Amino acid sequence: PAALVALLKCSKLGVAVDIASSLPMERVAEMVPALREAGLLINLLNALPVDTVDLLLTNLSLSSARDVVQELDLALAVQVLSLAPRGELLCLLDAKFLGKVLAVADAEQTRGVVGALEAAWKTAAHKFATVQVLVEAMGTMPQVVAGKLLQETSASLAREILQEVNVHLVAETFMHMPAQRVADVFSGRASSGASQMSSTLAG
């Protein structure tokens, strides 16, 4: 690996990309610490095809994958995170970074990211972490983005998120959502959180 990293370091970026793309991603994953130490990792990954970066992430531990994703160019990170279900990884992201991802994601990418988070929320192991990261992310994003997020989640997940969010932020967010979607979120079993939000909105 050391010799290979040295070769990549003295190669032009295009050549380095060709070399890395030709290697098994298990091998590249093993080289990630050395590539980072040599100052090559992020420039190399940002130049690789999305599907290659996606394959690399599957060969990294969750913590390493999280660190790598959060260092990528934001546009590439969004593509990778929406390409395949990565709910467990999304739950580990810094909430501010997740907010940035959702802010620049298009409609299809938003559905991919939110769908992965929804799947994670449905598992006992990640239920709390999913709500927590979404609540924290909502506090970092413009209300129009928060509205876009809540339109893609199920009504039940939206209710869980909103019960943990400042009610004034909830009211501002609802202003960026269709009235029917707001009604859907409040439908079903009433809760103290929903009652509190309803009172705030009525005021």
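Predicted model only: the values in this text are computed from it and were never measured.

Draft legend 1. Up close: the overall build of the chain. A count of helices and strands for the chain gives 16 helices and zero strands. Among the 203 residues that make up the chain, the fraction classed as buried is 46%. Look at the contacts in the chain between residues 6 or more apart in sequence, and 70% of them connect residues 24 or more apart.

Draft legend 2. Spatial organisation of the environment of Val50. Topologically, Val50 is positioned in helix 5 (residues 50-58). Here the alpha-carbon distance between Val50 and Gln79, two residues 29 residues apart in the chain, equals 7.0 Å. With residues near it in sequence (within four places) discarded, Val50 still touches Leu76, Gln79, Val80 and Leu83.

Draft legend 3. Inspection of the packing of helix 10 (residues 107-121) against helix 11 (residues 127-138) at higher detail. The interhelical angle for the contact between helix 10 and helix 11, taken along N-to-C directions, is 140°, at an axis separation of 7 Å. Between helix 10 and helix 11, the angle is such that the two are oblique. Note on element contacts: helix 11 touches helix 10 through Lys127, Thr130, Val131, Val133 and Leu134, opposite Leu117, Ala120 and Trp121. A class-by-class count of the residues in the contact of helix 10 with helix 11 yields six nonpolar, one polar and one charged.

Draft legend 4. Expanded view of the pattern of salt bridges. Tallied over the entire structure, the rule returns four salt bridges. Asp54 is the salt-bridge partner of Arg86, the closest N and O atoms lying 2.2 Å from each other. In this pair, Arg86 sits in the loop between helix 7 (74-83) and helix 8 (87-92) while Asp54 sits in helix 5, placing the two residues 32 residues apart along the sequence. Residues Arg86 and Asp54 agree in their burial class; the two are buried. Close ionic contact of Arg66 with Asp67 constitutes a salt bridge, the shortest N to O distance being 3.3 Å. Owing to a relative accessible area of 25%, Arg66 belongs among the partly exposed residues under this scheme.

Draft legend 5. Local environment of helix 9 (residues 95-104). Of all the residues in helix 9, the buried ones are Ala95, Phe97, Leu98, Gly99, Val101 and Leu102. Its buried side turned inward, helix 9 meets helix 6 (62-71), helix 7, helix 8, helix 10, helix 11 and helix 12 (143-152). The N-capping residue of helix 9, defined by a side-chain oxygen 3.1 Å from the backbone nitrogen of Lys96, is Asp94.

Draft legend 6. Just the nonpolar core, in detail. Ranked by size, the top nonpolar core spans 66 residues in total, and within it Leu81 and Leu98 carry the most contacts. Ignoring any residue separated from it by four or fewer positions in sequence, one finds Leu98 in contact with Leu90, Leu93, Val113, Leu117, Val133, Leu134 and Ala137.

Draft legend 7. Summary view of the packing of helix 10 against helix 12. As a packed pair, helix 10 and helix 12 sit with axes 9 Å apart at the nearest point and diverge in direction by 60°. Classified by the angle their axes make, helix 10 and helix 12 are oblique. Considering only the axes of helix 10 and helix 12, their crossing is right-handed. In this structure, helix 10 contributes Thr110, Arg111 and Val114 to the contact, and helix 12 contributes Lys148, Leu149 and Glu152.

Draft legend 8. Expanded view of the side chain of Glu118. Here Glu118 is to be found in helix 10. No salt bridge is formed by the buried Glu118. Its closest oppositely charged neighbour is Lys122, at 4.9 Å. For Glu118, the side chain forms a polar contact with the side chain of Ser154, separated by 2.5 Å. Residues in contact with Glu118, not counting those within four places in the same chain, are Thr153, Ser154 and Leu157.

Draft legend 9. Structural context of the environment of Lys100. With respect to the secondary-structure elements, Lys100 resides in helix 9. For the pair Lys100 and Val78, spaced 22 residues apart in sequence, the C-alpha separation works out to 9.2 Å.

Scoring rules and cut-offs
- What you see as residue numbers is a count from 1 along each chain, following the sequence as written.
- This being a predicted model, a pLDDT of at least 70 is required before a residue's local features are given, and a value of 80 or more before pairs of side-chain atoms are given or counted; all residues contribute to the totals for chains, interfaces and linings.
- To get the side-chain values, all heavy atoms of the structure are used, and hydrogens and water are removed first.
- Under the scheme used here, helices are H or I runs from DSSP no shorter than 4 residues and strands are E runs no shorter than 2 residues, and both carry numbers assigned from the N terminus.
- Exposure classes here rest on a 1.4 Å probe applied to the protein chains alone. A residue is buried below 20% of its type maximum, exposed above 50%, and partly exposed in between.
- Any two residues whose heavy atoms approach within 4.5 Å at even a single point are treated as in contact.
- Between N-to-C directions, angles span 0 to 180 degrees; the directions come from axes that are lines fitted to C-alpha atoms, helices contributing only their stretch in contact.
- In this scheme, roughly parallel covers angles under 35 degrees and roughly antiparallel covers those over 145, while 65 to 115 is roughly perpendicular and the rest are oblique.
- Under the grouping applied here, Gly and all other residues not named as nonpolar or charged are polar, the nonpolar ones being Ala, Val, Leu, Ile, Met, Phe, Trp, Tyr, Cys and Pro and the charged ones Asp, Glu, Lys and Arg.
- One speaks of a salt bridge when a side-chain nitrogen belonging to Lys or Arg is within 4 Å of a carboxyl oxygen belonging to Asp or Glu.
- Here a polar contact is recorded for every N or O atom pair within 3.5 Å, except that within protein the pair must consist of a potential hydrogen donor and a potential acceptor, and residues adjacent in sequence are included only if both atoms are side-chain atoms.
- For this analysis, a nonpolar core means a set of buried residues of the types Ala, Val, Leu, Ile, Met, Phe, Trp, Tyr and Cys, connected via side-chain atoms within 4.5 Å.
- Left-handed describes a crossing in which the near helix is turned anticlockwise from the far one by less than a right angle; the clockwise case is right-handed.
- None of His or the chain ends enter the tally, which takes Lys and Arg as positive and Asp and Glu as negative.

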